[in-house]
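A closer look at the structure
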Amino acid sequence: MADVAFPSDYARARADFLRAAEAADARIRTFALPGHRGPDGGELCVDTAYVGPPGPEKLLVTVSGTHGIEGFCGSACQTGILLREGVAREAGPGTGVLLVHALNPYGFAYLRRVNEDNVDLNRNFVDHAAPPHNDAYDAVHAALVPPDSPGSPGSPGSPASPAFAPRELVAGLNALRDRLGPQTLQEAVTRGQYRHADGLFYGGVRPVWSQRVFRTVVAEQIAGAAHVAYIDLHTGLGERGVGEPIFRGGRDAHAHERARRWYGDALTASELGTSSSTPIVGNTATAVADGLGPGSRLTAITLEFGTQPGPEVLLALCADAWLHRHHPPAEAVRSELKQLIRAAFCPADDARWREQIGRRAREVFGQALAGLADAKPGDAG
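These remarks concern the structure in this document.

Criteria and thresholds
Residue numbers run consecutively from 1 along every chain, following the written order of its sequence. With the structure being a predicted model, the display of local features is reserved for residues of pLDDT at least 70 and the display and counting of side-chain atom pairs for 80 or more, all residues being used for whole-chain, interface and lining totals. The side-chain quantities take in all heavy atoms of the structure and omit both hydrogens and water. Comment: elements are numbered from the N terminus, with helices defined as DSSP H or I runs of at least four residues and strands as E runs of at least two. What the globule rule says is 2.2 Å times the number of residues to the power 0.38, and the radius of gyration is computed from C-alpha atoms. Exposure classes here rest on a 1.4 Å probe applied to the protein chains alone. A residue is buried below 20% of its type maximum, exposed above 50%, and partly exposed in between. In what follows, residue pairs with any heavy atoms lying within 4.5 Å of each other are defined as contacts. The accessible surface values rely on the Shrake-Rupley method and a 1.4 Å probe; as for residues, cover is taken only from the protein chains in view. Here the positive residues are Lys and Arg and the negative ones are Asp and Glu; neither His nor the chain ends is included. In plain terms, the charge of a residue is placed at NZ if it is Lys, CZ if Arg, CG if Asp and CD if Glu. Here, a salt bridge means any Lys or Arg side-chain nitrogen found within 4 Å of an Asp or Glu carboxyl oxygen. Put simply, two rings from Phe, Tyr or Trp (the six-membered ring, in Trp's case) pair if the centres are within 6.5 Å, and we call them stacked under 30 degrees between planes, edge-to-face over 60, tilted for the rest. What the arc covers is the set of directions going from the helix axis to the C-beta atoms. Should DSSP find at least two bridges between two strands, the strands are taken to pair. Structural elements are reduced to axes, namely lines fitted to C-alpha atoms, with helices fitted over the stretch in contact, and the angle between N-to-C directions of any two is expressed from 0 to 180 degrees.

In terms of regular secondary structure, the protein chain is built from 14 helices and seven strands. Its C-alpha atoms give the protein chain a radius of gyration of 20 Å, near enough to 21 Å, the size a compact globule of 381 residues would have. Its C-alpha atoms give the protein chain principal-axis dimensions of roughly 65 × 40 × 40 Å. Every one of the 381 residues in the protein chain was classed for burial, and the buried ones make up 58%. In the protein chain, the proportion of contacts linking residues at least 24 apart, taken out of those at least 6 apart, comes to 81%. When the accessible surface of the protein chain is split by element, carbon and sulfur atoms take 52% of a total near 15,200 Å². For the protein chain, the centre of its 37 positive side-chain charges and the centre of its 43 negative side-chain charges are spaced 2 Å apart.

Listed below in structure tokens is the structure:
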């Protein structure tokens, strides 16, 4: 399997994707983020590319960039494998392939997991009138996003930005991990929280722009299909280079059984404690499930590619939150601290990792298409 070519920045990723989509004769739609531009002054857009018949009965959907910077990997998979290498053309009769590129273009361009509002898009698909509050996060927030000390540079009344203090941050994180245990800490931090706008995994107070765009895509490009295979591409959890298929749903009684048949023993489930991911709320698969018509079948997974050990990934997230609290986006994106979050979510300088990503993505996309090919009209399983 050829090495996956990783783009150097969001603008190049988008250009590569659109060029590959045009070469595949895909139908392209573009949604431009209003009020924001990229670090280079360019537009920030969600682009969709569809290959297949009009009104497909069966549909493979892949999404990249839900978590911004993780889009480097997802975009590479979509561009280099699904389009250039012809996976879309392997789909059977009546089957289409829809690629949603850079669902969070701001985070992609500014090297963040979150969007322009510091919102984690994969925690935003909830009922904001009654959000699922995460009390456990309240107890760890101060260690993840330490307040500035009174009188320190950058604190109220002080003109200069404070210096990043990695030793103190690491000491605080280690103390939390020792006190709570790694699993409990991960659950507290990553489930999603709706009270701390400057915190990690913040789900927001309303549907953000990217959520509204995605619901439009679901309504106009996905909802008519009878069978949908959904793959949201992510990085940062699990063993380095391993692509873990994590079950994300389907609301019919046979959804998990069907996913197990498609993806084999590698399939995990957060709710069953078999995954590198703990249970989360408000993910993108929710919108797909909400938007499908009666009798439609959804088989949804996250394809998660491991990068670094959990403590290093958490440190990178904390450092990035600090960076954007104290510096404007155009300055923060050029900071040396961005090397931490790049290593945590896109170690593209590792040739072996790139090769593993390419091989595994090709395999999983093929499994999804094979599963769709076996699905029969009215088939519940």
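A word on the pattern of salt bridges. By the definition in use, this model includes 16 salt bridges. Measuring nitrogen to oxygen at the nearest pair gives 2.9 Å for the salt bridge that ties Arg112 to Asp320. One end of the pair, Arg112, is in the loop between helix H3 (105-109) and helix H4 (135-138); the other, Asp320, is in helix H11 (residues 310-326), with 208 residues separating them in the sequence. Of the charged contacts, one joins Asp320 and Lys338 as a salt bridge, the two residues approaching to 2.6 Å between their closest N and O atoms. Of this pair, Asp320 sits in helix H11 while Lys338 sits in helix H13 (residues 338-345), and the two are 18 residues apart along the sequence.

Secondary-structure assignment places Leu185 in helix H7 (residues 182-190). When the C-alpha atoms of Leu185 and Asp138 are compared, they prove to be 12 Å apart, with 47 residues separating the residues in sequence. Those residues in contact with Leu185 that lie beyond four places of it in its chain are Val140, Leu176, Arg177, Leu180 and Leu314.

For the rest of this paragraph, the subject is unusual backbone geometry. Phi is positive for Ala102, close to 60°, though the residue is something other than glycine. Position of Ala102 relative to the elements: it lies in the loop between strand E4 (95-101) and H3. Residue Ala102 is classed as buried on the basis of its relative accessible area, which comes to 0%.

Position of Arg360 relative to the elements: it lies in helix H14 (residues 351-374). The residues touching Arg360, leaving out its near neighbours within four places in the chain, are Gly243, Pro245, Ala266, Phe305 and Gln367.

Looking now at the packing of aromatic side chains. Two aromatic rings are characterised by how far apart their centres lie and by the angle between their planes. Evaluation of the coordinates by the stated rule reveals eight aromatic pairs. On the basis of an interplanar angle of 45° and a centroid distance of 5.6 Å, the ring pair of Phe6 and Trp353 is categorised as tilted. Of this pair, Phe6 sits in the segment before helix H1 (10-23) while Trp353 sits in helix H14, and the two are 347 residues apart along the sequence. Grouped by ring-pair contacts, the aromatic residues Tyr10, Phe72 and Phe108 constitute a single cluster.

So, about the side chain of Arg14. Structurally, Arg14 can be placed in helix H1. Ignoring anything within four residues of it in the chain, the contact list for Arg14 reads Thr30, Cys45, Asp47 and His101.

What follows covers helix H9 (residues 255-263). Of all the positions in H9, only Ala255, Arg258, Ala259, Trp262 and Tyr263 are classed as buried. Seen from one end, H9 has its buried residues packed into an arc of 115°, which puts them on one side. Here the buried face of H9 lies against strand E5 (227-240), strand E6 (243-249), strand E7 (297-306) and H14. Gly264, located one to two residues past H9, shows a positive phi value of around 75°.

A word on the sheet that holds strand E1 (residues 27-32). Strand order across the open sheet formed by seven strands is E1-E2-E4-E3-E5-E7-E6, with mixed pairing between neighbours. The sheet is open, and its two borders are formed by E1 and E6, each paired with just one other strand. Strand-to-strand twist of the sheet, defined as the mean angle between neighbouring strand axes without regard to direction, takes the value 20°. Of the pairings in the sheet, the one linking E6 to E7 comprises six bridges and is antiparallel in character. Among the inter-strand pairings, Glu244 is bridged to a residue of E7, identified as Glu304. Contacting E1, strand E2 (45-51) and E4, H1 crosses the sheet at an angle of about 20° to E2. Contacts from H14 reach strand E3 (58-63), E4, E5, E6 and E7 within the one sheet, and its direction differs from that of E5 by about 155°.

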